[in-house]
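Take a look at the letters that make up each chain.
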Amino acid sequence: MPFSPMNRRSILRQTGGLVVGSAAFSIGFPAMAEPTPLTPRQSLGPFFPDQLPLDTDNDLLFISGRPGRAIGQPTDIFGQVRLPDGTLLAGAVIEIWQCDSFGRYIHSRDAGRGRRDKNFQGYGRAITDKDGRYRFRTIKPVAYPGRTPHIHFLVRHDNADLLVTQMYVEGEALNRRDGLLNRVSDPLLRRSLIVPLTQSPELGENALSGRFDIIVAA
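Keep in mind that what you see is a predicted model, and the values were worked out from it rather than measured. (Residues numbered from 1 in each chain as written. Predicted model: local features only at pLDDT ≥ 70, side-chain atom pairs only at ≥ 80, totals over all residues. Heavy atoms only, no water.)

**Student:** Explanation requested: the overall build of the protein in the structure shown.
**Tutor:** Within the protein one finds three helices and ten strands. Beginning at the N terminus, the succession of helices and strands in the protein can be written as α-β-β-β-β-β-β-α-α-β-β-β-β. Out of the 218 residues belonging to the protein, those deemed buried represent 48%. Restricting to contacts in the protein with at least 6 residues of sequence separation, those with at least 24 account for 74%. Total accessible area on the protein stands at roughly 10,400 Å², and carbon and sulfur atoms take up 55% of it. (Helix = DSSP H or I, 4+ residues; strand = E, 2+ residues; numbered from the N terminus. Buried < 20%, exposed > 50% of the residue type's maximum accessible area, 1.4 Å probe, protein only. Contact = heavy atoms within 4.5 Å. Areas by Shrake-Rupley, 256 points an atom, 1.4 Å probe, with all protein chains shown as cover.)

**Student:** Can you walk me through the packing of aromatic side chains in this structure?
**Tutor:** To describe a pair of aromatic rings, one takes the distance between the centres and the angle between the planes. A full pass over the atoms with the stated rule returns seven aromatic pairs. For the pair Tyr134 and Phe136, a centre-to-centre distance of 5.9 Å together with 55° between the ring planes defines the contact as tilted. Each of the two residues, Tyr134 as well as Phe136, counts as buried. A centroid spacing of 6.1 Å and a plane angle of 70° characterise the contact between Tyr134 and Phe153, whose relative ring orientation is edge-to-face. Here Phe153 lies in strand 5 (residues 150-157) and Tyr134 lies in strand 4 (residues 133-139), a separation of 19 residues in the sequence. (Phe/Tyr/Trp six-rings, centres within 6.5 Å; stacked < 30°, edge-to-face > 60°.)

**Student:** Mind showing me how you'd approach the pattern of salt bridges here?
**Tutor:** Once the charged atoms of two side chains with opposite charge are near each other, the side chains can pair. All chains considered together, the criterion is met by ten salt bridges. Between Arg156 and Asp161 there is a salt bridge; the shortest N-O distance is 2.7 Å. In this structure, the salt-bridge partner of Arg191 is Glu170, at a minimum N-O distance of 2.3 Å. With Arg191 in helix 3 (residues 187-191) and Glu170 in the loop between strand 6 (160-169) and helix 2 (179-182), this residue pair connects regions lying 21 residues apart in the sequence. Judged by relative accessible area, which is 36%, Arg191 ranks as partly exposed. Overall, the relative accessible area of 41% leaves Glu170 in the partly exposed class. Each of the salt bridges in this network shares a partner with another, and the network as a whole consists of Asp129, Lys130, Asp131 and Arg133. (Salt bridge = Lys/Arg side-chain N within 4 Å of Asp/Glu carboxyl O.)

As structure tokens, then:
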């Protein structure tokens, strides 16, 4: 069945903004590997939204009440959140934010720096299910001056911020020169922030998907 903005929005709302195991998101969640070190912390950055959009669900491609779709390559990012001992973290709030295809964030300090995609939500929120799973529908992140493509993540549980980090894209040439990414000196920990994005035609034409698992301290 072709992707429909209305169908997608309806599904997202019916499930509290988290879609797992539906036909709309058909990628499965394979078992996680053995316990690994904590996901490295990264900078919150200067452009965490200073005013949240009215629409804050986990589908950043569409904004409620607008007919258009965000410019960019559709990309599903999914994963699990757990503790170092392997305990899956249910009920965690995952927030993401990123720039649009023109390199603009939804932030007052970034509003006057050029063209902006008014159909890109720019920020989204999901809640992990009983198995610690989350999923977002967004665009493939793009570079802007001084930064390699990335998506910001914040993990909150029981009203406490557990982690702020950033997810990067495997194969991006700018990764080798990005100051924040390379501030993580341990190559294995740095690698844990870099996600391969693969073609996923079952999610739509030209769609990508990638798994970003997150390990946090309680």
